[in-house]
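# Chain and residue survey
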Amino acid sequence: MGTIRACIFDLDGVVVDTAKYHYLAWKRLAQEMGFDFTPEDNEKLKGVSRMDSLSILLNIGGIKISEEEKHQLAEKKNNWYKEYIDTMTPEEVLPGVVNFFEELKLNHIKMALGSASKNAQSILEKTNLSHWFDAIIDGTKTQEAKPNPEVFLLGARELGIEPKHCAVFEDAEAGIQAALNANMYCIGVGSPQVLSKAHQVIPGLFDMNMAKLNV
Ligand code: B16
Ligand code: MG
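Residues numbered from 1 in each chain as written. Chains lettered and ligands numbered in written order. Predicted model: local features only at pLDDT ≥ 70, side-chain atom pairs only at ≥ 80, totals over all residues. Heavy atoms only, no water.

## With respect to the overall build of the chain
A tally of regular secondary structure across the chain gives nine helices and six strands. In terms of overall dimensions, the chain is globule-like: its C-alpha atoms have a radius of gyration of 17 Å, near the 17 Å expected for 215 residues. In terms of principal-axis extent, the alpha carbons of the chain reach across some 50 × 35 × 30 Å. Taken across its 215 residues, the chain has 48% of its residues classed as buried. Long-range pairs, those at least 24 residues apart, make up 61% of the contacts in the chain with a sequence separation of at least 6. Total accessible area on the chain stands at roughly 10300 Å², and carbon and sulfur atoms take up 49% of it. When the 22 positive and 30 negative side-chain charges of the chain are each reduced to one mean point, those points stand 3 Å apart. (Helix = DSSP H or I, 4+ residues; strand = E, 2+ residues; numbered from the N terminus. Rg over C-alpha atoms; globule rule 2.2 N^0.38 Å. Buried < 20%, exposed > 50% of the residue type's maximum accessible area, 1.4 Å probe, protein only. Contact = heavy atoms within 4.5 Å. Areas by Shrake-Rupley, 256 points an atom, 1.4 Å probe, with all protein chains shown as cover. Lys, Arg positive; Asp, Glu negative; His and termini not counted. Charge placed at Lys NZ, Arg CZ, Asp CG, Glu CD.)

The structure is reproduced here in structure tokens:
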């Protein structure tokens, strides 16, 4: 692996914990349809696109509906989700994130966001993080979901850095696979058991620094 010249960050689970708001909105939808949705169920939605998340939820409830109804439900969930993230503040940025971003800037490492979320821009604004990124690739710019490498390859292209000089930070298995498919250096954020395919795993960005980036 060559020298790292750019870092690409997943959003939910790496930079902020928006999974808790996704959970509240999906749970509300499930309850409205008469079934429960547990925190364990929510784990299955990490890094998964909105429509794929809905399919998983409907499967749990044993519910079969038309494509049109699916789009209506996804929109309803997203409106609730947007209400929740509307209250986010910079205090919700995960520990160590801003310190690590500062270190990267000092070392002239380019930075991109690589998220599946169509709400990424507004989350970055609410948490005052937009200004850190040289490129923002989110669910509004991609056609393919992770583990397809599209999101990270677009990020590298927008930064003008070859994939082999990019490092990806990801909390979801599908995201790790996407980074590997993009031929990038991959750092898992979370549990080493779940993220065993990553080149290295850290518990959070509070445990990251330049020395660990260029091993
Ligand atoms: P939206 P990430 C992902 O964000 C979330 O982990 C996943 O739970 C969500 O379904 C997906 O974004 C789409 O989000 O409904 O806002 O478009 O981890 O890729 O930053
Ligand atoms: Mg994530």
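Next, the rest of the story.
## So, helix α7 (residues 150-159)
By the burial criterion, the buried members of α7 are E150, V151, F152, G155, A156 and L159. Where the residues of α7 are buried, they touch β1 (6-9), β2 (110-114), β3 (135-137), β4 (166-170) and α8 (173-181). Looking at the residues trailing α7, positive phi occurs at G160, about 75°.

## Quick notes on the packing of aromatic side chains
In this structure the tally under the stated criterion is seven aromatic pairs. By the ring-pair criterion, three or more aromatic residues cluster together here, those being F9, F100, F101, W132, F133 and F169. A cation over a ring is seen here: K77 above Y81, with NZ or CZ 4.5 Å from the ring centre. (Phe/Tyr/Trp six-rings, centres within 6.5 Å; stacked < 30°, edge-to-face > 60°. Lys NZ or Arg CZ within 6 Å of the ring centre and 35° of its normal.)

## A short note on the pattern of salt bridges
Scanning all chains against the criterion turns up 13 salt bridges. For D10, the salt bridge identified is with K146, shortest N-O distance 3.0 Å. Of this pair, D10 sits in the loop between β1 and α1 (19-32) while K146 sits in the loop between β3 and α7, and the two are 136 residues apart along the sequence. No difference in accessibility class separates D10 from K146, as the two residues are buried. Here E67 and K70 are joined by a salt bridge, their closest N and O atoms 3.4 Å apart. Taken together, the residues span about one helical turn, with E67 and K70 both in helix α4 (residues 67-85) at a distance of three residues. (Salt bridge = Lys/Arg side-chain N within 4 Å of Asp/Glu carboxyl O.)

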